[in-house]
Amino acid sequence: MSDSDNPAILEVDNLARHFPVRGFLNRQVGSLRALDNVSFAVEPGEILGIVGESGCGKSTLGKTLMGIHEPSEGEVRMLGERIASPGQKRAARIRARLQYVYQDPGASLDPRWTLRRSLHEPLIIHTDWPKEKREEKVREIVKAVGLPVEHLDLYPHEISGGQQRRVGLARILVLGPELVIFDEPTSGLDVSVQATVLRLFRDLKSEFDLTYLFISHDLAVVQSICDRVIVMYLGRIVEIGRTAEVFAAPRHPYTQALLSAAPVIGGPRVTENFSLQGEPPDPSNVPSGCRFRTRCQYATSECADIDPELDDEDGHGVACLRWRELSV
Amino acid sequence: MSNLLDIQALSLGFRTEKGIAKVLDRIDISVKPGEIVGLVGESGCGKSTLARAILGTLPEGQTEINSGHIRLDGVDMLSGGKAAEHLRGRVVTFVPQDPFASFNPLFRIGTQIQDLMRFKAPRDGAGSFGRSRKADEASAIAMLDAVQLPQPKAILAKYPHQLSGGQRQRVMIAMALLPQPRMIIADEPTTALDVTVQAQILGLLRRLAVERGVSVLFTTHDLGAAWEICDRIVVMYAGQTAEIAPREQFFGDPRHPYTRMLLDSLPSPGRDPVGIPGGVPSPLKAPDGCRFNPRCPRATDICHESRPALTTGSDGHAVACHHPWLAKAEGAHV
Ligand SMILES: Nc1ncnc2c1ncn2[C@@H]1O[C@H](COP(=O)(O)OP(=O)(O)OP(=O)(O)O)[C@@H](O)[C@H]1O
Ligand SMILES: Nc1ncnc2c1ncn2[C@@H]1O[C@H](COP(=O)(O)OP(=O)(O)OP(=O)(O)O)[C@@H](O)[C@H]1O
Ligand code: SF4
Ligand code: SF4
Ligand SMILES: [Mg+2]
Ligand SMILES: [Mg+2]
């Protein structure tokens, strides 16, 4: 799967996460398969995007990698060391090297604390640094994310949404992570603010040698910032490859439909011939075989029987039984 | 064609503890029958306030109308008369951004639709007596069908939380359609939805305009969505009209500095988006003159002193700026 000689920073093997579905008297009556059979590797220094419709398991994947959810099956390795598997206690040592940025950074800031206190807090928890050393680090990072140092005395409600995101980022960066998982980092931002935030992500990445997992359902943002992209559907990876390649020549019928739904300024109106109908099925009752078959215009009877594996060609993987014949 | 909606020089503010928030400052907008007009601008620039002014849902006792008028189908919507009240919910209806907040969580969808019909929907056939439940249900189902909801009968029996976001938004549009309005105001109707669902909903709104002649005023901060369905686009900045242009001209030949900078902020592969430094000013202390002047690279003294008038060219392209970008040469394309 790898397209370079660098060892992977993160390896994900057959990862699954199921949530119990409970009925009367709290008895488990079923299982919601939020994530199934997910495997991929993250190269050091890349920005790997994760896209897909709401509920397809993007956040569950991010949180399972982070150890917020325990895997139901499979394992996650960081620089060769196993950091998550069923029943495994989390290695605290590795924790600070992998960070998760929640969608709403305002919510992760305590409204009663000044920004200074919010930024010292992670260092108090994770290091035994004296106050002066912490303050020095906090100031360095605050400058790096483009906030005036005077803002350290403000409270969250006194700064704008874009600035809150910067503080949220600063909170993560003070810990010196290697891999940062962003969950919908630009949703709800105006394009004018989004543009500055995206540039900041790029600048910080090179300044601090970071690797990003970038969860988003904004295809234009993913296309502009990610080196590679994973497309998910109903808990599965259906396609993975270099962003430019996947956007230019999507192989999976679902990726094709997803990309054709996004408006292209200057292009034809997509609403006039958009074909994908309805919404994804309930993940507590997934279709047999290929999970996309209930909405796929190319589905055959075989698709109901065989669950397609990722078929990799030139670092571009696709999970569809018919992609080769459909691409000619 | 004459305008269905005609707003001219509308200024209004809200009384707050810290003074008057001057939220709309001489806004001009018009919508023709069957036309889809997009109202775009950054968060806080007054899009929802304008929608609420038309719908008559601004906070009473807190709002000050300073100038201008809103006319819908010739009726003065600001006078507070009976005629205006009659139009609201019948001739003009509303699709909100967050459909969940607009449903009563305790009642089934069917019950809520029936209540709405009792008050607002015209009856087929004569006589106000003997309005039958059956007929109501049939027209509700027809409407859910029209917005392409599968199994409409089953949907009527569900509670709001049992529907997905896309399904709720479709029910909202169906409810907005029931009174057979001539105009729908849709306030960011797809912001919370996936692109796949957005494409379905935008397609639906467009078909309504093309096939039934319904006008749509569509507020959004998503320029892609505006490209997708609008005939004409109005850019608002901090409560002022900045530019009005037909869709192709808006994207291909923007003249207002703010419009240009908005378009340059869009992410696109292989180019660093530029962004706009600073933020939308608070309506409590909006700058004098052109409100964009603190963020505008083209600003000069006159921009701080006088408010540029909205000037319409022969091509129907209107811009309010002392130093607009000049029109592109003939033959330029999007
Ligand atoms: N803690 C949980 N308990 C039970 N089910 C859950 C839990 N978290 C997520 N799910 C379910 O798992 C599925 C995947 O959810 P997830 O939040 O990962 O989706 P997502 O791709 O991040 O969607 P969105 O784009 O809306 O954020 C959904 O069906 C969701 O309802
Ligand atoms: N009742 C009120 N009292 C005082 N100020 C108000 C009131 N309602 C709205 N405002 C202010 O009016 C301005 C415009 O708000 P409005 O909601 O119309 O913006 P918007 O363009 O719809 O933004 P968004 O894209 O975030 O929905 C904001 O600065 C807001 O704080
Ligand atoms: S495996 Fe079959 S149903 Fe699935 S995407 Fe391919 S053609 Fe469609
Ligand atoms: S009037 Fe002046 S400040 Fe306003 S947009 Fe035009 S050049 Fe900029
Ligand atoms: Mg999520
Ligand atoms: Mg609004």
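Cut-offs and rules
Within each chain, residue numbers correspond to sequence positions counted from 1 in written order. The lettering of chains begins at A and the numbering of ligands begins at 1, in the order of writing. Totals for whole chains, interfaces and linings use every residue, but because this is a predicted model, local features are given only for residues with pLDDT of at least 70 and side-chain atom pairs only at 80 or more, for both listing and counting. To obtain the side-chain values, all non-hydrogen atoms of the structure were used and water was disregarded. The way it works is that DSSP assigns letters per residue, a run of H or I at least four long becomes a helix, a run of E at least two long becomes a strand, and they are numbered from the N terminus. Only protein chains enter the accessibility calculation, which uses a 1.4 Å probe; a residue whose area is less than 20% of its type maximum is buried, one above 50% is exposed, and one in between is partly exposed. Should any heavy atoms of two residues lie within 4.5 Å, those residues are counted as being in contact. One heavy atom within 4 Å of a molecule or strand is enough for the residue carrying it to be called near that molecule or strand. Any pair of nitrogen or oxygen atoms within 3.5 Å is treated as a polar contact; in protein, a donor-acceptor pairing is required on top of that, and neighbouring residues in sequence qualify only through side-chain atoms on both sides. The residue classification treats Ala, Val, Leu, Ile, Met, Phe, Trp, Tyr, Cys and Pro as nonpolar and Asp, Glu, Lys and Arg as charged. All others, Gly included, are polar. Once two parts are put together, the accessible area they lose, assessed with a 1.4 Å probe and summed over both, is termed the buried area. By convention in these notes, a salt bridge is any Lys or Arg side-chain nitrogen within 4 Å of a carboxyl oxygen on Asp or Glu. Domain start and stop points were drawn from an automatic or database domain assignment. Here, strands pair whenever DSSP counts at least two bridges between them. Each axis is a line fitted through C-alpha atoms, taken for helices only over the stretch in contact, and angles between the N-to-C directions span 0 to 180 degrees. Aromatic pairing here means that ring centres of Phe, Tyr or Trp (its six-membered ring) are within 6.5 Å. Orientation follows from the plane angle: under 30 degrees is stacked, over 60 is edge-to-face, and everything else is tilted. As used here, the term nonpolar core means buried Ala, Val, Leu, Ile, Met, Phe, Trp, Tyr and Cys residues forming a set that is joined through side-chain atoms within 4.5 Å.

Undergrad: Sorry if this is basic, but what is going on with the environment of B:R207 here?
TA: Residue and element names in this part refer to chain B. When you line up the elements, R207 lands in helix α8 (residues 195-212). Of the residues examined, R207 reaches a relative accessible area of 31% and is grouped as partly exposed. It is 9.7 Å that separates the C-alpha atoms of R207 and I229, two residues lying 22 residues apart in sequence. With sequence-adjacent residues up to four places away left out, R207 is seen in contact with Q148 and R212.

Undergrad: Even after reading the chapter, I still don't get the site of ligand 2, so can you show me in this structure?
TA: Residues and elements named next belong to chain B. Around ligand 2, 16 residues are found, and the nearest of them are S43, G44, K47, S48 and T49. A distance of 2.8 Å separates an oxygen atom of ligand 2 from a polar side-chain atom of K47. Between ligand 2 and the protein, one listed contact pairs a nitrogen atom with a side-chain N or O atom of Q62 at 3.2 Å. Taken together, the elements giving at least two residues each to the shell around ligand 2 come down to β1 (5-16) and α1 (47-55). Its residues placed into classes, the shell around ligand 2 shows 5 nonpolar, 8 polar and 3 charged.

Undergrad: What is the right way to look at the interface of chain B and chain A in this model?
TA: Accessible area lost during the coming together of the parts is what is often quoted as the interface size. Taken together, the contacts link 40 residues of chain B with 34 residues of chain A. Summing both sides of the interface, chain B and chain A together bury roughly 3,000 Å²; the carbon and sulfur share of this comes to 56%. Linking chain B with chain A are 0 salt bridges. Taken together, the links from chain B to chain A amount to 10 residue pairs in polar contact (both at pLDDT 80 or more). Elements with a contribution of two residues or more to the side of chain B that touches chain A: α7 (165-177), α8, α9 (223-229) and α10 (247-252) of chain B. For the side of chain B that touches chain A, the leading source of residues is α8(B), giving 9 residues. Taken together, the residues of the side of chain B that touches chain A break down into 18 nonpolar, 13 polar and 9 charged.

Undergrad: Can you walk me through the domain arrangement of chain B in this structure?
TA: Taken domain by domain, chain B holds domain 1 (1-34 + 45-91 + 232-334) and domain 2 (99-180). Distance from the C-alpha centre of domain 1 of chain B to the C-alpha centre of domain 2 of chain B: 34 Å.

Undergrad: Help me out: how do you make sense of the sheet that holds β1(B) in this one?
TA: One key point about sheets: their strands pair by backbone hydrogen bonds, in either a parallel or an antiparallel sense. Residues and elements named next belong to chain B. Reading across the sheet, the 4 strands line up as β2-β1-β4-β5 and stay open at both edges, with antiparallel pairing between neighbours. Each of the sheet's edge strands pairs with one partner strand only, and the pair in question is β2 (19-31) and β5 (75-76). Summarising the sheet, strand β4 (residues 63-72) and β5 pair through 2 bridges and their orientation is antiparallel. Residue pairing in the sheet places L72 in a bridge with V75 of β5. Taken strand by strand, α1 contacts β1, β2 and β4, and its axis lies near 110° from that of β1.

Undergrad: I'm lost on the pairing of strand β3 (residues 47-51) of chain A in this one. Help?
TA: Consecutive side chains of a regular strand alternate in pointing toward one face of the sheet and then the other. Residues and elements named next belong to chain A. Counted residue by residue, β3 has 5 buried out of 5 residues, so it is predominantly covered. Burial along β3 is two-sided: I47, G49 and V51 and L48 and I50, pointing in opposite directions, are all buried. Bridging between β3 and strand β8 (residues 211-215) involves 4 bridges; their strand directions are parallel. Bridge pairing in β8 links I50 to I215. One ladder, built from 4 bridges, connects β3 with strand β9 (residues 228-233); its direction is parallel. Among the inter-strand pairings, V51 is bridged to a residue of β9, identified as V231.

Undergrad: How do you make sense of the packing of aromatic side chains when you look at a structure like this?
TA: Residue and element names in this part refer to chain A. Overall, the coordinates contain 13 aromatic pairs over all chains when judged by the stated rule. Pairing F182 with F214 gives two aromatic rings, centres 6.1 Å apart and planes at 55°, and the pair type is tilted. Residue F182 is found in strand β7 (residues 179-183), and its partner F214 is found in strand β8; the two are separated by 32 residues along the sequence. The residues F182 and F214 share a single accessibility class, namely buried.

Undergrad: Just to check I follow, could you spell out the site of ligand 4 for this structure?
TA: Inspection of the region around ligand 4 gives 13 residues, with B:C290, B:C296, B:C303, B:C321 and B:H322 positioned closest. Residue classes in the shell around ligand 4 are distributed as 8 nonpolar, 4 polar and 1 charged.

Undergrad: Is there a simple way to think about the nonpolar core in this case?
TA: One recurring pattern in soluble globular proteins: nonpolar side chains tend to sit buried together. Core analysis: the biggest nonpolar cluster contains 60 residues, and B:I113, B:V171, B:I173, B:F218 and B:F250 have the highest contact counts within it. Among the domains, domain 1 (1-34 + 45-91 + 232-334) and domain 2 (99-180) of chain B are the pair contributing at least three residues each to this core. What B:F250 contacts, discounting residues up to four positions off in sequence, is B:V40, B:L223, B:I233, B:V235, B:A245, B:T259 and B:L263. Ranked by size, the runner-up nonpolar core spans 59 residues in total, among them A:V101, A:V145, A:L175 and A:L189.

Undergrad: Just to check I follow, could you spell out the pattern of salt bridges for this structure?
TA: Think of it this way: side chains of opposite charge can pair up when their charged atoms draw near. This model, assessed by the stated rule, comprises 32 salt bridges over all chains. Measuring nitrogen to oxygen at the nearest pair gives 3.4 Å for the salt bridge that ties B:D25 to B:R307. With B:D25 in strand β2 and B:R307 in the loop between α12 (301-305) and β11 (311-312), this pair connects stretches of sequence that are 282 residues apart. Salt bridges here are not isolated pairs; linked through shared partners, they connect A:E11, A:D13, A:E75, A:R77 and A:R82.

Undergrad: Would you mind going over the domain arrangement of chain A with me for this structure?
TA: All names here are of chain A. Once the domains are mapped, chain A shows domain 1 (10-97 + 177-326) and domain 2 (105-176). In this structure, domain 1 and domain 2 have C-alpha centres spaced 30 Å apart. If you look at the interface, domain 1 gives 19 residues, while domain 2 gives 13 residues. Carbon and sulfur atoms make up 74% of the surface buried where domain 1 meets domain 2, a total of about 1,200 Å² over both sides. Scanning the region where domain 1 abuts domain 2 turns up 0 salt bridges. The tally of links between domain 1 and domain 2 comes to 1 residue pair in polar contact (both at pLDDT 80 or more).

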